[in-house]
Amino acid sequence: MGDSAGLQFVSSFAFEAMQKVDVVRLAALSDPELRLLLPCLVRMALCAPADQSQTWAQDKKLILRLLSGVEAVNSIVALLSVDFHALEQDARKEQQLRHKAGGSNGESLLVSQLQHGLTLEFEHSDPLRRLRLALSELLAIMNKVTDSNGEFFLKPSELFESPVYLEEVADVLCILQAELPSLLPIVDVAEALLHVRNGDWFLCLLVANVPDSFNEVCRGLIKNGERQDEESVGGRRRTEALRQLCQMNPSQALNIRAMVVEECHLPGLGVALTLDYKPDAGDDAVSPLVSYVSGLLLGTNGKVRTWFSMFIRNGQQRKRESSSVLWQMRRQLLLELVAILPRSRSTHVPNDGDMDESGSSGLREEHVVKASALLRLYCALMGIAGLRPTDEESEQLLQLMTSRPPATPAGVRFVSLSFCKLLAFPTLVSTPEQEQLMVMWLSWMIKEEEYFESAAGVSASFGEMLLLVAMYFHSNQLSSIIELVCSTLGMKIAIKPSSLSKMKTIFTQEIFTEQVVTAHAVRVAVTNNLSANITGFLPIHCIYQLLRSRAFTKHKVSIKDWIYRQLCETTTPIHTQLIPLIDAYVNSILTPASKANPEATNQPITEQEILNVFQNSAGQVDGSRGAVRPRYSITTQLLILYYILSYEENLLASTKQLAVMQRKPKSYSAALMDLIPIKYLVTQAQGLQQELGGLHSALLRLLATNYPHLCLVEDWVCEEEVTGTLPLLRKMMLPSSTSFQKLPSSSPRLMRILEHLSLLPPADLIPYADTLTTSMALLLEPAVPRRIVQTLNKLWMALNTVMPRRLWVMTVNALQPSAKLLRPQRYTQNDLMVDPLIVLRCDQRVFRCPPFMDIVLHMLNGYLLASKAFLHCHLKETADFDRQSLTVSSLGVPGQPDTPEVTREELKNALLAAQDSAAVQILLEVCLPNTEEQQLGVSTESLLKRIRDSLPGKHKDESPEPRASGSAEREADTGLFSDLREVQCLICCLLHQMFIADPNIAKLGYPQALLPLTVAGIPSIHICLDFIPELLAQPQLEKQIFAIQLLSHLCTQYALPKSLSVARLAISVMGTLLTVLTHAKRFAFFMPTLPCLVAFCQAFPPLYDDVAALLVQIGQVCASDVATKARDIDPLIARLQYMKEKPQEAVVSGGSSFMTSAQRAAEELGGSDPDVQLCYCVEATFMDIISATLHRL
């Protein structure tokens, strides 16, 4: 708005005096300044004030004295004497008429007829007519603004353009707005003034006379403003008006700028206000312009970023204008950039010697932060907003980027930013001289990197970034370079990979060849105490990329020592690059860089180096003091453990490829693995999951694959911490062998010691593990209190959470039979994994000691799982190499099998099945009562019978079978509360888990005496219902008999619809076998299976008809064979038919005679004829079914 350039605006001093009503300051104003504020001062002096204080009365006198010498006051007083109420009514009538007429300029009620021009009329008019003329003109402009739909127009107005009457028109305008605020809202008046010449001057005077409306007017103008103010005349006029307002009230300039950003309107105004803002800070601070523009482009608000970027792009499309806000901003930024450049920096390339001796190219320390901020700003302007730098800007930027800062952390940051800007915008280097300057600067970076890192005291220097970029260039990972640049600059920039071709050539051919990169990487010092708290680009990033590109193996550079040292220098929270580094290292050990050179691999970490890490860790006790003193951190030990487990897993997975290349890397020995406290370390990691990132879950995955016996569910459940007071134990409290040997006399003292030990954390029990395990055999004596044994079981389970594998070996050796104690055999971990059944070759007394039996079963379950993993690994290790050698040796031999894998896999599965079945058989035999227990009347059927007796609906006076009263009483005394019963429950719990894990184990045939125990004590035994039809289809009679006997118990225990259908099938199979079996086999099959029919009928009464028909059929077949041998036999068939038709009468009337006859016949003929025995067995089965049915009624 250059049309008001010659007018005097309200100064900031005068506006502040008006805001605060500072009469002293007002009195100090010159006459021209005071003239602009007269409308407000006159109204203030004439109108009745709300403030009736004495202070204001004195101030009012001063104002009147101030106004008394001003001639223009009289005209303003005359304006205030008008009837504004009538004026407002006429104005509203005129608005209504204009609204009805569609906005046309018809006859005005405010101004009747103009004889002359508007200016002359205004000159010759009285105050009222002056008010009417100005109001009519102002309302016309406001109506046109409303009807313009946002399109800008500049309305010619003689009244607002005449320089002679501007002050009088301003007085009228201020009086009208003050007296008619509802008719003339100040925001609408401000919007209308933008459409006339000198509008910004009128607007400033209006706001100066109503200072409280400043923020309201500014916000209204901004809200109604354009999104891009530089694009239109209206936008530029609005920006200039608001800029004048802020110059009048500079204290609110930053608030107005915040409104601009909030509304995303008038971006040029925000820049202009920033250019006008003059802070009090020193030269070393970052300028407000850099801070403001950086905040817009690098902030988190994407809407603001897009809005301002559009302002930059649109501004570049117009020709360069000195009045453009964008070019003013660019010029100011360039001036700030040149101001911090070293004095001798120019377009020529200086010599190295000159730079080093004079130091004139060095960046001053107080300018480093400002230089970094400028670099990031230019990156954002060029990369985000699309700024195209001029030649002058490009030259000065390159000079700044190739400056040499001091060795401070800020200097390291500046060099990193400069380097990334070169990569992001390689077009800044366009001439050979500039390219030579860049190469010299990069060479300086390489030479000074170590000095900068040591002098600045930072762990992440720019040397690692140089090395990393060089590796990316060599491996052609341009996308990774782009990610690195964006991450360092802190902004997302669209960089084309093709633009990096020149930089790639410079790096790979002139500065960093691949051999130089690998040789330099090994010499880089490891990062001390590496953790996630150390940010930036570290040596580990470089080594990781070189490992991925196989540069070390390609150039035969050993990296093993560097990786080992870095793993030893780690702490929590774990750095995110450590796990990928180990994975890449393991892969480089096992997989050659190329098939042509299979030996091109890295060396693995040696066993001695691994042992050094775990020396004095948990399980390795300092002999002098008995204290655990770890030398390395838990992070290092966990990372080394992850390396070993990952190495072993990848070695197994790569056996096929290694066999093809005739390579067989060594795996770590079992002795080494036994010395590593794996379970203790994983337990420690469980409490540090937040600090270890994904390491804990990765270790669990590897453990589940390679060491399943360390991942038992019971162990995880038992690992909950015991809360309470932990007493401080002294070494004198260590349980000694004499305390155990003096049992039972030393029982109280030993009990106190064990109770104290039970309060210790599991890791603190490790020193006592040897004493506790070697003395377990002494606790098997009969007089040892149960509480001592139970407490030892609790201590053993606690130790099992930190040192399970070594504890298991110690326990197995300690529980060997007493006969072997004279010449004991020391088993190893490998022996127990090869043959898990060694665990059950223990002292027989263990089988009747429930706490120790619990320990034995826990170890057995673990070693069965370990044996599976061991055999799988062994098969994997040897199969591929055997197959490869077999393939090579059998070339040209017809009929030779290609691979023995199928056979080996079947043999392994057969061996594992044999182990499981043997373990199940042995455990079930343990459940059988021994000779002493049989003499006490204990039987395996007691458990099932007790359960049946406890079922609801049973009457106290009913019993399934008559038993000797003495035997029943003894079983009642000893059966449910005996050691045998507890051992049976423990074994059944283990078998329950084994059946769930592998249902095929349940197919094994058990002795009939064990069936009641297994069915009653193993809940998962119901899975046998699935394969009983399969057993019934087998040709062997033994399997068929076992299936029917097992089914009879299952039907009683699980009376399900599925059991009913299988029972029908079994009855059908028995009927079929009756017709096909020979005489001898018939007797062998039906004698053990006929009693099972009783259980079928008890469980499922609807089967009575089918069972009765089967029994009659069996009786007919047998009776026909007996008829030729024993002609005086009772009419058996008739009795069977009678019992089938009238079962109740048969039992009541003839049951006893039938039984007597059956017994007599069995005595006479049973010993000589199997058919006779079978006949009377059928009759007895009938009677049992009838009796059981009647008892249920």
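Residues numbered from 1 in each chain as written. Predicted model: local features only at pLDDT ≥ 70, side-chain atom pairs only at ≥ 80, totals over all residues. Heavy atoms only, no water.

Q: Is there a simple way to think about the overall build of the chain in this case?
A: When helices and strands are counted, the chain shows 63 helices and zero strands. For the chain, buried positions account for 51% of its 1193 residues. Within the chain, counting contacts between residues at least 6 apart in sequence, those at least 24 apart form 75% of the total. On the chain, roughly 54600 Å² of surface is accessible, and the fraction owed to carbon and sulfur atoms is 53%. (Helix = DSSP H or I, 4+ residues; strand = E, 2+ residues; numbered from the N terminus. Buried < 20%, exposed > 50% of the residue type's maximum accessible area, 1.4 Å probe, protein only. Contact = heavy atoms within 4.5 Å. Areas by Shrake-Rupley, 256 points an atom, 1.4 Å probe, with all protein chains shown as cover.)

Q: Where do I start with the packing of aromatic side chains in this structure?
A: The relation between two aromatic rings is expressed through the spacing of the ring centres and the mutual angle of the planes. Across all of its chains, the model carries eleven aromatic pairs by this definition. Ring centres 5.8 Å apart and planes at 25° place the aromatic pair Tyr585 and Tyr643 in the stacked group. Placement of the pair is Tyr585 in helix 33 (residues 578-590) and Tyr643 in helix 35 (residues 634-653), with a sequence separation of 58 residues. Taken individually, Tyr585 and Tyr643 each receive the classification buried, so the pair is uniform in this respect. (Phe/Tyr/Trp six-rings, centres within 6.5 Å; stacked < 30°, edge-to-face > 60°.)

Q: Looking at this structure, I do not really get the pattern of salt bridges. What am I missing?
A: Oppositely charged side chains can form a pair if their charged atoms are brought close together. Considering all chains together, one arrives at 28 salt bridges under this definition. Lys20 is paired through a salt bridge with Glu16; the nearest N and O atoms lie 2.9 Å apart. Note that Lys20 and Glu16 are positioned in helix 1 (residues 12-20) at a spacing of four residues, about one turn of the helix. Since its relative accessible area comes to 56%, Lys20 is described here as exposed. Residue classification places Glu16 among the partly exposed positions, given a relative accessible area of 29%. In this structure, Arg364 and Glu366 form a salt bridge, with 2.2 Å as the shortest nitrogen-oxygen distance. In this structure Arg364 comes out as partly exposed when scored by relative accessible area, which is 47%. (Salt bridge = Lys/Arg side-chain N within 4 Å of Asp/Glu carboxyl O.)

Q: Help me out: how do you make sense of a nonpolar patch on the surface in this one?
A: The grouping of Phe152, Leu154 and Val233 at the surface amounts to a nonpolar patch, some 230 Å² of accessible area in total. Relative accessible area serves as the criterion here: at 47%, Val233 is assigned to the partly exposed category. (Patch = residues over 30% accessible without salt bridge, like charges linked within 9 Å, V, L, I, M, F, W, Y side chains within 5 Å.)

Q: How do you make sense of the state of the cysteines when you look at a structure like this?
A: Tallied over the full model, the rule gives zero disulfides. With no disulfide partner, Cys379 has as its closest neighbouring cysteine sulfur the one in Cys420, 8.4 Å distant. By relative accessible area, Cys379 is classed as buried at 1%. (Disulfide = S-S within 2.5 Å.)

Q: Sorry if this is basic, but what is going on with the confidence of the model for the chain here?
A: Detailed reading of the predicted model is not advised wherever pLDDT is low. Mean pLDDT for the chain: 77, with 79% of residues reaching 70 or above. Every residue in residues 886-900 is under pLDDT 50, and counting partners more than four places away or in other chains gives nine contacts. The low-confidence segment residues 942-975, where pLDDT is below 50, has 33 contacts with residues more than four positions distant or belonging to other chains. (pLDDT = per-residue confidence, 0-100.)

Q: Would you mind showing me how to read helix 33 here?
A: Structurally, the α-helix is built with 3.6 residues per turn, so residues lying three or four positions apart point the same way. With 13 residues, helix 33 ought to run about 18 Å at 1.5 Å a step, and its terminal C-alpha atoms sit 19 Å apart, in line with that. Where burial is concerned, most of helix 33 is hidden: ten out of the 13 residues are buried. Restricting attention to buried positions, one finds in helix 33 the residues Leu578, Ile579, Leu581, Ile582, Ala584, Tyr585, Val586, Ser588, Ile589 and Leu590. (Expected span 1.5 Å × (residues − 1).)

Q: I would appreciate a short explanation of the environment of Gln1040 in the present structure.
A: Within the secondary structure, Gln1040 sits in helix 56 (residues 1037-1053). Once the C-alpha coordinates of Gln1040 and Phe1085 are considered, the two residues, 45 residues apart in sequence, prove to be 8.5 Å apart. Discounting chain neighbours no more than four positions away, the residues touching Gln1040 are Leu1031, Leu1032, Gln1034, Leu1073 and Phe1085.

Q: Sorry if this is basic, but what is going on with the packing of helix 34 (residues 607-614) against helix 35 here?
A: To describe two helices that pack against each other, one gives the angle between their axes and the distance between the axes. Where helix 34 contacts helix 35, the two axes come as close as 9 Å, and the packing angle between them is 145°. Taken as a pair, helix 34 and helix 35 cross one another with a handedness that is left-handed. Residue-level inspection shows Ile610, Val613 and Phe614 of helix 34 in contact with helix 35, the latter providing Thr636, Gln637, Ile640, Leu641, Tyr643 and Ile644. Considering only residue class, the contact of helix 34 with helix 35 consists of seven nonpolar, two polar and no charged. (Axes fitted to C-alpha atoms, helices over the stretch in contact; angles between N-to-C directions. Left-handed = near helix turned anticlockwise from the far one by under 90°. Nonpolar A, V, L, I, M, F, W, Y, C, P; charged D, E, K, R; others polar.)

Q: Can you walk me through the packing of helix 17 (residues 267-276) against helix 18 (residues 288-298) in this structure?
A: Direction vectors running N to C along helix 17 and helix 18 enclose 155°, while the axes themselves pass 9 Å from each other. Accordingly, the angle class assigned to the pair helix 17 and helix 18 is roughly antiparallel. The interaxial crossing formed by helix 17 with helix 18 has right-handed handedness. Counted together, Gly270, Val271, Thr274 and Leu275 of helix 17 and Pro288, Leu289 and Tyr292 of helix 18 form the full contact between these two elements. Among the residues forming the contact of helix 17 with helix 18, the class breakdown is five nonpolar, two polar and no charged. (Parallel < 35°, antiparallel > 145°, perpendicular 65-115°, else oblique.)

Q: Is there a simple way to explain unusual backbone geometry in this structure?
A: Most peptide bonds adopt trans geometry, and most residues besides glycine take a negative phi value. A cis geometry characterises the amide bond from Thr572 onward to Pro573, with omega recorded as -5°. Position of Pro573 relative to the elements: it lies in the loop between helix 32 (560-568) and helix 33. Phi angles above zero are rare outside glycine, and Val21 is one such case at about 50°. Locating Val21 in the fold gives a position in the loop between helix 1 and helix 2 (23-27).

Q: Just to check I follow, could you spell out the side chain of Ser758 for this structure?
A: Within the secondary structure layout, Ser758 lies in the loop between helix 43 (747-757) and helix 44 (769-774). The exposure class assigned to Ser758 is buried, which follows from its relative accessible area of 11%. Only 2.5 Å separates the side chain of Ser758 from the backbone oxygen of Glu755, close enough to count as a polar contact. (Polar contact = N/O pair within 3.5 Å; in protein donor to acceptor, adjacent residues only side chain to side chain.)

Q: For this particular structure, what's the right way to read helix 40 (residues 695-706)?
A: The end-to-end C-alpha separation of helix 40 is 16 Å, in line with the 16 Å expected for twelve residues at 1.5 Å each. Considered for burial, the residues of helix 40 that qualify are Leu695, His696, Ala698, Leu699, Leu702, Leu703 and Asn706. Mapping the buried residues of helix 40 onto a view down its axis gives an arc of 160°, with all of them on the same face. (Arc of directions from axis to C-beta.)

Q: In this structure, what is going on with the environment of Val526? I would like to understand it.
A: With respect to the helices and strands, Val526 occurs in the loop between helix 29 (514-523) and helix 30 (539-549). Sequence separation between Val526 and Ile563 is 37 residues, and the spatial gap between their C-alpha atoms is 8.5 Å. Leaving out residues up to four positions away in the same chain, Val526 has contacts with Trp562, Arg565, Gln566 and Glu569.

Q: Hey, could you run me through the side chain of Glu648 in this one?
A: Assignment of secondary structure puts Glu648 in helix 35. Salt bridges are absent for the buried Glu648, whose nearest opposite-charge side chain, Arg805, sits at 11 Å. Not counting residues up to four positions away in its chain, the partners in contact with Glu648 are Ser667 and Tyr668. (Lys, Arg positive; Asp, Glu negative; His and termini not counted.)

Q: Got a minute to help me understand the nonpolar core in this structure?
A: The nonpolar side chains of a soluble globular protein tend to be buried with one another. The biggest cluster of nonpolar side chains holds 371 residues, and the ones touching the most others in it are Leu245, Tyr643 and Phe852. Here this core gets eleven residues from one element, more than from any other, and that element is helix 22 (residues 368-383). (Core = buried A, V, L, I, M, F, W, Y, C linked by side-chain atoms within 4.5 Å.)

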